[in-house]
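Residue strings, one per chain:
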Amino acid sequence: MKVLVIDDNKRLAEGMKQRLQKWFIVELAFSGDEGLTALVHTPFDIVLLDLGLPDAPGIEVCRRIRDLSPHIPILVVTGIDTTLSRVELLETGADDYITKPFDIAELHARINALLRRKQRNAHSTQIIVGDLVITPDTRMVTRANTPIHLRRKEFDILEYLARNKGRVLSRQMIVDHAWSSTSNGWVGSVDVHIKQLRDKVDKPFGYPLIRTIYGVGYLINDHADRKK
């Protein structure tokens with residue numbers, strides 16, 4: 001597995017490389033442009049992205065990486081830890097977030113979690129719930145043959161619900177899957193993403209697929225109350 005670390009702090013980047021290369025092939029880039037150039041010429045399995053880059057805001061670099069490579073996992077490694085920055089990063093296309101200073105064992109676990117999810121998606125087939133069709137390898141979603149554009153985190157949540165059709169999933173379970181982290185800090189954002197999903201997946205169509213199980217969580221199935 002090949003890891004690209006984009007961080008302008010050469011000492012920290014070299015330290016990460018030294019410790020991670022026990023498990024991975026690690027290459028370094030010290031600016032956003034250098035990292036993007038590396039991604040164009042070399043296939044990587046995951047990107048570790050610092051936000052404090054000298055040539056461009058880290059969020060903009062994250063967006064450009066996602067445009068360049070829609071499926072590559074992006075793990076943000078940064079000293080900034082605010083709800084606003086985390087939400088903005090995830091909406092931009094980051095898959096997970098770890099704050100400096102961190103333990104190398106936690107970083108290794110986060111990387112492995114993202115790589116496992118990538119491998120599951122790469123070998124998956126279509127998921128069908130009623131007239132909803134999800135194609136994980138291309139991240140395409142249609143309902144009643146109508147294409148639905150979802151943001152990255154919306155897709156991850158919908159896919160997780162659909163793979164567990166008919167099963168009630170708690171907010172914490174959704175966080176643990178879609179954010180690759182057990183942090184309770186994300187639980188409150190699940191309801192926001194579910195509302196956005198309903199606006200796109202349920203509201204324009206004849207009946208809802210996503211249901212709220214009050215006090216427990218959410219589920220999706222093709223037997224939802226069609227009168228609602």
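Just above sits the structure.
Below is a short write-up of the structure. This is a predicted model, so every value here is computed, not measured.

## Focus: the overall build of the protein
Thinking step 1. Helix and strand counts for the protein come out as eight helices and 12 strands.
Thinking step 2. The contacts in the protein between residues at least 6 apart in sequence include a share of 56% that link residues at least 24 apart.
Thinking step 3. When the accessible surface of the protein is totalled, it reaches about 11100 Å², and 52% of it is carbon and sulfur.

## A look at the pairing of strand 7 (residues 132–135)
Thinking step 1. Residues Leu132 and Ile134 point to one face of strand 7 and Val133 and Thr135 to the other, with burial holding for every one of them.
Thinking step 2. Taking the residues that link successive antiparallel strands as the turn, the strand 6 (residues 127–129)-strand 7 hairpin has two residues, and the phi of glycine 130 there is positive, at about 60°.
Thinking step 3. Sheet topology note: the strand 7/strand 8 (residues 140–143) ladder contains four bridges and is antiparallel. Paired with isoleucine 134 across the two strands is valine 141, which belongs to strand 8.
Thinking step 4. Between strand 7 and the antiparallel strand that follows it, strand 8, lie four residues; arginine 139 among them carries a positive phi value of about 60°.

## Overview of the side chain of arginine 152
Thinking step 1. For arginine 152, the location among the structural elements is in helix 6 (residues 152–163).
Thinking step 2. Excluding residues within four positions of it along the chain, arginine 152 makes contact with Arg66, Pro70, His71, Ile72, Gly93, Asp95 and Arg139.

## With respect to unusual backbone geometry
Thinking step 1. Cis geometry is found at the peptide bond from lysine 100 to proline 101, where omega equals -10°.
Thinking step 2. Within the fold, proline 101 resides in the loop between strand 5 (96–99) and helix 5 (104–122).
Thinking step 3. Phi is positive for arginine 139, close to 60°, though the residue is something other than glycine.
Thinking step 4. With respect to the secondary-structure elements, arginine 139 resides in the loop between strand 7 and strand 8.
Thinking step 5. Of note, the phi angle at alanine 144 is positive, near 50°, even though the residue is not glycine.
Thinking step 6. Within the secondary structure, alanine 144 sits in the loop between strand 8 and strand 9 (146–147).
Thinking step 7. For alanine 144, a relative accessible area of 40% corresponds to the partly exposed category.

## So, the sheet that holds strand 9
Thinking step 1. Pairing within the open sheet is antiparallel, and its four strands lie in the order 6-7-8-9. What marks the edges here is a single partner per strand, and that holds for strand 6 and strand 9.
Thinking step 2. Bridge count between strand 8 and strand 9: two bridges; the pairing is antiparallel. Across the sheet, the residue bridging to threonine 142 is proline 147, located in strand 9.
Thinking step 3. Where helix 6 meets the sheet, its contacts fall on strand 6, strand 7 and strand 8, and the angle it forms with strand 7 comes to roughly 115°.

## Quick look at the layout of surface pockets
Rolling a probe over the atoms, with the probe sized like a water molecule, indicates the empty space that remains.
Thinking step 1. Put simply, the largest pocket is a space of about 430 Å³.
Thinking step 2. Secondary structure elements with two or more residues in the lining of the largest pocket: helix 3 (58–68), helix 4 (83–92), strand 8 and helix 6.
Thinking step 3. In terms of residue class, the lining of the largest pocket is made up of seven nonpolar, four polar and seven charged.

## Remarks on the sheet that holds strand 10 (residues 169–170)
Thinking step 1. One open sheet accounts for three strands, arranged 10-12-11; its pairing is antiparallel. Two strands in the sheet have a free side with no partner beyond their single neighbour: strand 10 and strand 11 (210–213).
Thinking step 2. Packing of helix 6 onto the sheet brings it into contact with strand 10, strand 11 and strand 12 (217–220), and relative to strand 12 it is tilted by some 70°.

Cut-offs used in this document
Residues numbered from 1 in each chain as written. Predicted model: local features only at pLDDT ≥ 70, side-chain atom pairs only at ≥ 80, totals over all residues. Heavy atoms only, no water. Helix = DSSP H or I, 4+ residues; strand = E, 2+ residues; numbered from the N terminus. Contact = heavy atoms within 4.5 Å. Areas by Shrake-Rupley, 256 points an atom, 1.4 Å probe, with all protein chains shown as cover. Buried < 20%, exposed > 50% of the residue type's maximum accessible area, 1.4 Å probe, protein only. Pairing = 2+ DSSP bridges. Axes fitted to C-alpha atoms, helices over the stretch in contact; angles between N-to-C directions. 1 Å grid on protein atoms, 1.4 Å probe; cavity = no way out; pocket = protein on both sides within 12 Å on 5 of 7 lines; lining within 4 Å. Points joined across faces, edges and corners; volume = space filled by probe spheres on them. Nonpolar A, V, L, I, M, F, W, Y, C, P; charged D, E, K, R; others polar.

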